[in-house]
Amino acid sequence: MLPMLNLVILYFLFALSIFILPKAIKSQKGILIAFLQMAAFVWFVFKVPLVSANNSELLFLKWIPELGLNFEFLLDGLSLAFALLVTGVGVLVFLYAHSYMKSYDNTAKFFFFLLLFSGAMLGLVLSANLIQLFIFWELTTVLSFFLISFFNEKELARKAAFQSLVITFLGGLSLLAGIIVIGSAVDSYSINDWVAGADKIKSSSSYVPGLILILIGVFTKSAQFPFHFWLPGAMQAPAPVSAYLHSATMVKAGVFLLARLSPALGGTDEWTFIVPLFGVITMLVGSYFAITQTDLKAILAYTTINALGVLVLLLGIDTNLSIKAAVLFLFIHAFYKASLFMIAGFIEKKTGTREINELGGLIKSFPITSAIALLALLSMAGLPPMLGFLGKELIYEAKVQSPGFGSMIFIFGFISNVLMFAVSMKVLFKVFLGKAKKTYTVSRFKNTFFVIGPAILVLISLVIGIAPNLFGKWIIEPATNVIYASPVNVELALWHGFNQVLLLSIATVVLGSMLSYILIKYNRVEVLWQKFNTTVFPVNLPELFTKTIESFVAFSVSKTKILQHGYHRYYILSIIVFTAVLLWVQLFVTKGWQFEIPFTFKPFYISGLVFIIMLATLFSVITRSRIAAILSMGVTGYGMALIFLYYSAVDLAITQILSETLIVVMFMLILQRLPTFTKLSSKATKIRDLIVSIIFGTAMTLVTLKAINVNLSSPISEFFMQNSFQKAFGENVVNVILVDFRALDTLGEATVLVIAAVGVSVLLFSKKSKS
Amino acid sequence: MNSIILQIASKYVRWLLVIFSVIILLRGHNAPGGGFIGGLLAGLSLAYKGFAFTPELLKTEMKVKPESFMGLGLMLIFISVWPGVFIKSAFMEGIWFTIPFPFTEGYKFGTPFLFDIGVFFTVIGVTVLFLFSLSNNKSWK
Amino acid sequence: MLSILVGVLYTAGVYMLLRRSILKFIIGIIFMSNATNLLVFISAGLVAGKPAFVNGATTNVSQLADPMPQALVLTAIVIGLGMAVFILALKYKYFEVTGTDDLDQLKQTDSQK
């Protein structure tokens, strides 16, 4: 089943090639990409029959099987549903973006990121190995950062991008930890193994911590309370990004993972308590704050939060009805929200504002767009004949029948639906209907691509709303089966008959209409409500986030200042003290505390030599004269050469003499241009340094004594010596080692020398230009 | 340092040093010596002249730039590593052959020796460049 | 005896490294590198008067001095030379630019004095 992998790779390759497109095609790249998306979409459509028969395709490629890491691509009901969304909405979004982005620079960058994103998203929903899924997951996070901050000259955009990046990254880390925790329980990262070992996972002790970690990841990505606040901020992104990432795809990734893991992790008490709890809170928060917003995109963002809450709630309830409702609502929401985002972008573009109080009566200027918006809003409000109505009915049904604290969920769900209805109506009447504040004239032809996306989405929504059964059978049912892990019969119909649920719907409409009427009629109510909100909920989450980050930075700056104080000597001091301590500890720990070589003065001339070297060293440390210091340093070097000579290292001795000479010469050359020693240190520091150096020196002496006695493995030298003459035709083994056996070392050495020489000459010859 | 003795001595000693360094280079494989030592020695012989006269004089009299020495040396090293790859299929493996030489059994020549010559020239170049740089202009008498 | 020499050289080297004058700092580095060379050299075992020269007739190689550390130290000496000169040049350059020999005054990266 290679096509799946190829498809994902194709996305990435195509994204790269955007930069090298010929000029003539370059301006049409949005359309070009839409074709690619179209092809992928069609490919997935052809897979529908296969999947609807409850088959699946699995592509398995070995990566690092020892670690349980493999490439696994799985195409089943669930991933197909998401793949269709990603590619299908993708087609329309790219067409839309083609017109939307025309007036901006750097569109290549934009399309590059957007296409990469859709490739990553596709990879994510097709992944059947959780580590692989995590990689795509993080990829979408990073790409969304770039997309949100596309208008990076705006501070707000940068801030929002940063915020969403940090939050979703933290969630990603948590997700990874959760995957590993649970993965270790079944010793596999493959989703199939997890599902197969579901009982084992649920009974293991790592289940609860693992579940919580994974849920944190899911909640950050899908903007669940209390992480929801990044989503409204992310509305700084260009409209196509909002339409694509923040309605149809990325925020749904968390929902996808939840659905994917539901057979493996779901059904327990923890699951049915935690997941719906956060779902309900998010749902309420989203709808509650949506109603007081005046920014069109902010309204959409909060209603998206509401929808995500509903999805999570439904998956958490975990009955066959609720999951059916979840899958259906997933599509419904993607349809109407993506089209509304696109329309919002269109309105902003044409009128220059997103404030609903400044807009009004747009139906006169943009009749087609407004008609589309009307249908989308109807779907959002859950009115017939749109698909949204169907979804809402099903959701009500699921909630009514939900076990556990069902009645609570039901009440909250009702409230949230009323609010959502009110929001939809408010937008509808304030923006599109009512009195026109201004008329805008735009030539119709230019708007084709703007309108085509929302139009198609809304039409689909309408058609399926009226005749939902085929859609339910082909798409919803396979996906539900996968999530529920047993066959579920899906039959959808617009008209359920006159029952309890319909009554609820009617009640929703009535209450919602009243609320929206009040809001539209009396502006003061809205203002008061906003005031009420700011006083009752004083904690501004985004601000809190920023403050937390700032305090983190301040904290690390203060800590760094302690270590990076800028005094070179103290760096060295701390390194040396630390090393000395380690050495001493190691010396004490290592057994064999006695040293075998006794203290000896024989042969006496070597002892004398050593004595002279020591004296010279001490003198060079003590003396105030620079020349004396350097010369006695030279004495040390020559003395060492003699030691080398005595102990059979002829080449060493010669080299040491020559290089010592060279060093002394160099010092002399440069000395006269340097200042004399000045007395810089106080007595106390000198004594301190002396103590440190003596401690270090003694440690080194002991180390040397130790080293003489230790012979860890047989020296390689014997090999060199035995082969030196036979194989390398050299009698001087040292030289043979240098130029033959270990010539690479010497090559490196020669290179180092050359670099040093070039560095020196550059430093010194360039001096005229500076200072 | 305008010592006449040093200046006159340098004329002869310098050439002695150079010859000596070449000898050391050549015998390096069998007796103490080799590229490093030879190179340092040759470099110092040039330094010697610099001391006796002035580095500027040396600089103007030298036909070959120190950078060229380094380049030549690295080039030789570079050349010497390849025969091993092509002939014996291992990087830097030594290849030896004998050059017939009158009156002796022949002089053995191999890529490691070429390598050593490369080191020799590199070290000369480095040494002289150090010297030039550090004694760069003014106040050196 | 030689081990003590290593210790003394290290002591001197460290002490010099901790001085504020850069010239002393360089001398310290040279001491340290000498000490390290000696350490490597000693730790391989000392054999007096038997350099590692072999020919076809040599059989008892294990009595000769160990050539491996010698080769290593030889490389180290030459690199030490290169490094010392480089630091020297660096020091000279910065002295020219900043006019000070004091390491503590090198805290700022700005050009102000």
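Residues numbered from 1 in each chain as written. Chains lettered and ligands numbered in written order. Predicted model: local features only at pLDDT ≥ 70, side-chain atom pairs only at ≥ 80, totals over all residues.

(A) Layout of the overall build of chain C. Across its full length, chain C holds 3 helices and 0 strands. Moving toward the C terminus, one meets the helices and strands of chain C in the order α-α-α. Relative to all contacts within chain C whose residues are 6 or more apart in sequence, the contacts with residues 24 or more apart total 57%. (Helix = DSSP H or I, 4+ residues; strand = E, 2+ residues; numbered from the N terminus. Contact = placed C-beta atoms within 7 Å.)

(B) Layout of the overall build of chain B. Helices and strands together make up the secondary structure of chain B, namely 5 helices and 2 strands. Going residue by residue from the N terminus, the α and β elements of chain B occur as α-α-α-α-β-β-α. Scored against the burial criterion, the 141 residues of chain B give a buried share of 45%. Contacts spanning at least 24 positions in sequence make up 66% of the contacts within chain B whose residues lie at least 6 apart. (Buried ≥ 20, exposed ≤ 12 C-beta atoms within 10 Å, placed from the backbone.)

(C) Highlighting the confidence of the model for chain C. Here chain C averages 70 in pLDDT, while 61% of its residues score no lower than 70. Element-level pLDDT for chain C is lowest in helix α1 (residues 2-17) of chain C, with a mean of 71, against a maximum mean of 80 in helix α2 (residues 22-43) of chain C. (pLDDT = per-residue confidence, 0-100.)

(D) Fine view of the pairing of strand β1 (residues 57-64) of chain A. All names here are of chain A. Inspection of the sheet shows β1 paired to strand β2 (residues 69-75) by 7 bridges, in the antiparallel sense. Residue pairing in the sheet places Phe 60 in a bridge with Glu 72 of β2. Linking β1 to β2, which pair antiparallel, is a turn of 4 residues; within it Gly 68 sits at a positive phi near 75°. (Pairing = 2+ DSSP bridges.)

(E) A look at the nonpolar core. Formed by 199 residues in total, the largest nonpolar core has its most connected members in Leu147(A), Leu311(A), Leu314(A), Leu315(A) and Phe329(A). When sequence neighbours within four positions are dropped, the list of residues in contact with Leu315(A) reads Val255(A), Leu258(A), Ala259(A), Ser262(A), Val275(A), Ile323(A) and Ala326(A). (Core = buried A, V, L, I, M, F, W, Y, C linked by C-beta atoms within 7 Å.)

(F) Fine view of unusual backbone geometry. Residue and element names in this part refer to chain A. Not every positive phi belongs to a glycine, and Asp 187 is a case in point at roughly 65°. With respect to the element layout, Asp 187 can be found in the loop between α8 (155-186) and α9 (191-196). With 10 C-beta atoms counted inside 10 Å, the residue Asp 187 sits in the exposed group. Of note in the backbone geometry, Ala 223 takes a positive phi value of approximately 55° without being a glycine. Of note, Ala 223 is situated in the loop between α11 (207-221) and α12 (230-233).

(G) Quick look at the environment of Ile630(A). Residues and elements named next belong to chain A. Of note, Ile 630 is situated in helix α29 (residues 626-646). On the neighbour-count criterion, Ile 630 (22 C-beta atoms within 10 Å) is buried. Counting along the chain gives 35 residues from Ile 630 to Val 665, while the straight-line C-alpha distance between them is 9.7 Å. Ignoring anything within four residues of it in the chain, the contact list for Ile 630 reads Val 664 and Phe 667.

(H) Inspection of the environment of Ser222(A) at higher detail. Residues and elements named next belong to chain A. Tracing the chain through its elements places Ser 222 in the loop between α11 and α12. Separated by 90 residues in the primary sequence, Ser 222 and Val 312 place their C-alpha atoms 8.8 Å from one another. Not counting residues within four places of it along the chain, the set of residues in contact with Ser 222 comprises Val 251, Gly 254, Val 255, Leu 308 and Val 312.

(I) How the structure looks around α2(C). Over its 22 residues, α2(C) extends 31 Å from the first C-alpha to the last, a length consistent with the 32 Å expected when each residue adds 1.5 Å. Counting buried positions over the 22 residues of α2(C) gives 17, a clear majority of the element. (Expected span 1.5 Å × (residues − 1).)

(J) The confidence of the model for chain B, seen in detail. Residues and elements named next belong to chain B. Summary statistics for chain B give a mean pLDDT of 68 and a share of 55% for residues scoring 70 or more. No element of chain B has a lower mean pLDDT than strand β1 (residues 96-99), at 52, and none a higher one than helix α5 (residues 111-134), at 77. Taken as a whole, residues 99-107 scores under 50 in pLDDT and shows 7 contacts with residues more than four places along the chain or in a different chain. Predicted confidence is poor over residues 137-141, with pLDDT under 50, and the contacts of this stretch with residues over four places away or in other chains come to 7 contacts.

(K) Local environment of the packing of helix α5 (residues 77-100) of chain A against helix α17 (residues 320-351) of chain A. Residue and element names in this part refer to chain A. Interaxial distance between α5 and α17 falls to 12 Å at its minimum, and their mutual angle equals 5°. For the element pair α5 / α17, the angle class is roughly parallel. Residues Ala 81, Leu 85, Val 89, Tyr 96 and Tyr 100 of α5 form the contact with α17, whose participating residues are Val 327, Ala 334, Ala 338, Met 342, Gly 345 and Lys 349. Of the residues belonging to the contact of α5 with α17, the class tally is 9 nonpolar, 1 polar and 1 charged. (Axes fitted to C-alpha atoms, helices over the stretch in contact; angles between N-to-C directions. Parallel < 35°, antiparallel > 145°, perpendicular 65-115°, else oblique. Nonpolar A, V, L, I, M, F, W, Y, C, P; charged D, E, K, R; others polar.)

(L) Fine view of the packing of α29(A) against helix α30 (residues 650-671) of chain A. Residues and elements named next belong to chain A. At a closest axis distance of 7 Å, the pairing of α29 and α30 adopts a crossing angle of 170°. Accordingly, the angle class assigned to the pair α29 and α30 is roughly antiparallel. Counted together, Arg 626, Ile 627, Ile 630, Gly 634, Gly 637, Tyr 638, Met 640, Ala 641, Phe 644 and Leu 645 of α29 and Val 650, Leu 652, Ala 653, Gln 656, Ile 657, Glu 660, Val 664, Phe 667 and Leu 671 of α30 form the full contact between these two elements. Of the residues in the contact of α29 with α30, the class split is 14 nonpolar, 3 polar and 2 charged.

(M) Fine view of the environment of Gly13(C). Residues and elements named next belong to chain C. Note on placement: Gly 13 falls in helix α1. Residues Gly 13 and Ile 27 lie 14 residues apart in sequence; the distance between their C-alpha atoms is 7.4 Å. Setting aside residues up to four positions removed in sequence, Gly 13 forms contacts with Gly 28, Phe 31, Met 32 and Ala 35.

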